Amino acid sequence: AAAADEGGDGLEPAHPGHFVCSITAELMRDPVMAHDGHSYERAAIERWFMTSSNSPNSGSRLSSKELIPNHGLRAQIREYRERKGLPE
């Protein structure tokens, strides 16, 4: 998932790609891992699952809609936000 290029120069993504939800294209606050092995913003994947049982990334049917909190990624994003002076 590519991050939004806020600078507009097309050379560098605004944020590290693994910190950005592929559904919202925004920096995640509450990342959870789905059964496709990808992390998503919790609210975004919950909305997705209201109308689909497929992975937003691959389109493959998921064996479960269970979501697992991604505490490690959340801590990394929180640290990144602090370093960049971004709001929680």
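Owing to the predicted nature of the structure, the values given are computational and were not obtained by experimental measurement.

Reading the values: rules and limits
- Here, residues in each chain are numbered from 1, in the same order as that chain's written sequence.
- Local features in a predicted model are, by the rule used here, given only for residues with pLDDT of at least 70; side-chain atom pairs are given and counted only at 80 or more, and totals for whole chains, interfaces and linings are based on all residues.
- Note that water and hydrogens are dropped before the side-chain values are worked out from all heavy atoms of the structure.
- In short, DSSP must find at least two bridges between two strands for them to pair.
- Where helices and strands are cited, they refer to DSSP runs of H or I of at least four residues and of E of at least two residues respectively, numbered from the N terminus.
- Any two residues whose heavy atoms approach within 4.5 Å at even a single point are treated as in contact.
- Throughout, an axis means a line fitted to C-alpha atoms (over the contacting stretch in the case of helices), and angles, computed between N-to-C directions, take values from 0 to 180 degrees.
- Take the buried Ala, Val, Leu, Ile, Met, Phe, Trp, Tyr and Cys residues and link them wherever side-chain atoms come within 4.5 Å; each set so joined is a nonpolar core.
- The classification of residues rests on relative accessible area computed with a 1.4 Å probe and restricted to protein chains. Under 20% of the type maximum is buried, over 50% is exposed, and intermediate values are partly exposed.

Chemist: An account of the sheet that holds strand 3 (residues 68–69) is needed here, citing residue identities and associated values.
Modeler: Taken in spatial order, the 3 strands line up as 2-1-3 in an open sheet, and their pairing is antiparallel. Each edge of the open sheet carries a strand with a single partner, namely strand 2 (39–41) and strand 3. Alignment of strand 1 (residues 31–33) against strand 3, held across 2 bridges, turns out to be antiparallel. Residue pairing for strand 3: Val32 is matched across the bridge by Pro69. Taken strand by strand, helix 1 (residues 42–51) contacts strand 1, strand 2 and strand 3, and its axis lies near 95 degrees from that of strand 2.

Chemist: Now, about the nonpolar core: what can you tell me, with residues and values included?
Modeler: Ranked by internal contacts, the top residues of the largest apolar core, which has 15 residues, are Phe19, Ile45, Phe49, Leu67 and Ile77. Elements that contribute at least two residues to this core include exactly helix 1 and helix 2 (71–84). Non-local contacts of Leu67, meaning those with residues more than four positions away in its chain, are made with Val32, Met33, Ala34, Ile45, Glu46 and Phe49.

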